[in-house]
Each structure stands twice: as structure tokens, then as C-alpha cells.
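# Tertiary structure, described
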Amino acid sequence: MSAQLDPIHLSTRLIESAQDWQHFDSLLRTYAATDLDQPHLSSIWKDLDDLPARYGPPHGAALLLIAQNETTRLAEVIGCGALASTQLQGACEIKRLYIQPAFRGQGGSKVLIRDLLEKAQAEGYDQAVLSTWQSNSTGLALYQALGFLPVPSFKSHPNSELIFLGRTLRATDAQNSP
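Below or above, wherever it landed, is the structure these notes cover. Along each chain, the written sequence defines residue order, and numbers are assigned to residues from 1. Selection of residues for local features in this predicted model requires a pLDDT of at least 70, selection of side-chain atom pairs for listing and counting requires 80 or more, and totals for whole chains, interfaces and linings are taken over all residues. Side-chain figures throughout are based on the complete set of non-hydrogen atoms in the structure, without hydrogens or water.

Another point: the layout of surface pockets. Method remark: on a 1 Å grid restricted to protein atoms, a set of points is classed as a cavity if a 1.4 Å probe fits but cannot get out and as a pocket if it is open with protein on both sides within 12 Å along at least five of seven lines; lining residues have an atom within 4 Å of a point. Grid points are joined across faces, edges and corners, and a volume is the space filled by probe spheres set on the points. By volume, the largest pocket amounts to about 1300 Å³. Taken together, 43 residues make up the lining of the largest pocket; nearest its centre are Tyr 31, Leu 97, Ser 131, Thr 132 and Tyr 143. Helix and strand definitions follow DSSP, with helices as H or I runs of at least four residues and strands as E runs of at least two, each counted in order from the N terminus. Put simply, the parts of the chain that give the lining of the largest pocket at least two residues each are α2 (44-49), β4 (91-99), α4 (108-122), β5 (127-133) and α5 (137-145). In terms of residues, the lining of the largest pocket owes the most to one element, β4, which gives seven residues.

This is the structure we're talking about:
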């Protein structure tokens, strides 16, 4: 499938099967090796020890991003994202957003975040929070467009350049999300 030439349809799938957890693991390892800013400071290594415990029910969820070629109808996993409980009552953290480079710029991050927000609301969370680096200008612009605003730090991190963002998950907010 050629990501640049053929039109694609993007959708997400909740990770439930062992095969899906393996896809998630593989994507996160690629992310950690190629895109993660300051991987030596990241909690991703601990998460990789047991992804279902960190991102599975009852307090989390993980999604795979699927691209289906509209011409050939072939589908492939091209990205992922997850949510996990936090120490803040009623809040979940959006984490581990990753899209393979050949598929970036086609709306996949927006699809992942939208579906993670819907899942978080369905799971009873009142707020979604996330953290990113000041250097992630593309991500920051998307998060702001999706209603995320600066919030106080919700976790301990050794790097002071981490930015913390959050948004409410009221029903009217979810309906108005792009």
C-alpha cells in the first residue's frame, strides 16, 4: 500500500487480542527507538514490561490506528495511542501516541485522540490530561485545536521542559470535538 498515492480511510480498533498487544508493543518499541524525546527519562520501558496491566481494563485502554486503502481495501496497522488512569481523581492520561512516518500528516493523530477521548468519557473519566515536550510544535498545535489547555503538573518528571495539558470530557465537549 502506498501511503502517499492511494486514498486511505483511517479508523481505530480497541486492543483486546494477543496479536493486537503485539502490534502495540512493536509500535511502541519503534517509537522509543526513533521518535521519543529523551527516551532514557521515559516510563515507556516499564510500560513495555506488561502493556495490558498498564493500558488494559479496568482503568485504561489502548487503540491501534488502522489505514485501509480505499482502492485495494487492504488494511494495515499504522499507529497507536492509549489512555491510563492518573493520580488525579476522575482524570486519565492520553499516552503513547505514535504514527508511522509514512502516514503522518493525514489526520491519524486527530482520529486517535478523538477516539481516545470518546473511550475515556465512556469509561467515566471527567478529564483527559497529557504531557509533551516544548519542542513538539505540531503536537501542541493539534492538542490546542482539540481543546487542551495548560494544567498544573499531574506527575513527577525529571525534565522541567515537559508541558502539561488537559481538557474536560463533558458530553457537549465530546460532541464538539473535531
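Moving on, we come to the nonpolar core. Of all hydrophobic cores here, the largest spans 28 residues; its most connected members are Leu 83 and Phe 148. Those elements that place two or more of their residues in this core are β1 (8-14), β2 (61-69), β3 (75-85), β4, α4, β5 and α5. With six residues, the single largest contributor to this core is α4. Discounting chain neighbours no more than four positions away, the residues touching Phe 148 are Ile 113, Leu 117, Ala 128, Leu 130, Tyr 143, Leu 165, Gly 166 and Arg 167. Core analysis: the next-biggest nonpolar cluster, separate from the first, contains 19 residues, Ala 32, Ala 62, Leu 64 and Cys 80 among them. Within this scheme, the nonpolar core is defined by two criteria: the residues are buried Ala, Val, Leu, Ile, Met, Phe, Trp, Tyr or Cys, and they are joined through side-chain atoms within 4.5 Å. Burial classes follow relative accessibility: with a 1.4 Å probe on protein chains only, a residue under 20% of its type's maximum area counts as buried, one over 50% as exposed, and anything between as partly exposed. Contact criterion: two residues are considered in contact whenever any of their non-hydrogen atoms come within 4.5 Å of each other.

So, about the side chain of Asp 47. Of note, Asp 47 is situated in helix α2. With relative accessibility at 5%, the residue Asp 47 sits in the buried group. Among the polar contacts made by the side chain of Asp 47, one reaches the side chain of Arg 54 at a distance of 3.3 Å. Separated by 2.5 Å, the side chains of Asp 47 and Tyr 55 make a polar contact. Not counting residues within four places of it along the chain, the set of residues in contact with Asp 47 comprises Arg 54, Tyr 55, Lys 95 and Arg 96. Each polar contact in these results corresponds to two N or O atoms within 3.5 Å; when the atoms are within protein, one needs to be able to donate a hydrogen and the other to accept it, and residues that are neighboring in sequence are counted only if both atoms are side-chain atoms.

This paragraph deals with the side chain of Thr 132. Relative to the elements of secondary structure, Thr 132 occurs in strand β5. Polar contacts involving the side chain of Thr 132 include one to the side chain of Asn 136, which spans 2.8 Å. Excluding residues within four positions of it along the chain, Thr 132 makes contact with Leu 140, Tyr 143, Glu 161, Leu 162 and Ile 163.

We now examine the packing of aromatic side chains. For Phe, Tyr and Trp, where Trp contributes only its six-membered ring, two rings pair if their centres lie within 6.5 Å, and the inter-plane angle classes them as stacked under 30 degrees, edge-to-face over 60, or tilted in between. Counted by the stated rule, this structure contains five aromatic pairs. Relative to Tyr 55, the ring of Phe 24 has its centre 5.8 Å away and its plane inclined at 85°; by these criteria the two rings are edge-to-face. You can see Phe 24 sitting in helix α1 (residues 18-34) and its partner Tyr 55 sitting in helix α3 (residues 51-55), a full 31 residues away along the chain. By relative accessible area, Tyr 55 is classed as buried at 0%. Linked through ring pairs, Trp 21, Phe 24 and Tyr 55 together constitute an aromatic cluster.

Spatial relationships are all this shows, so hold off on functional conclusions.
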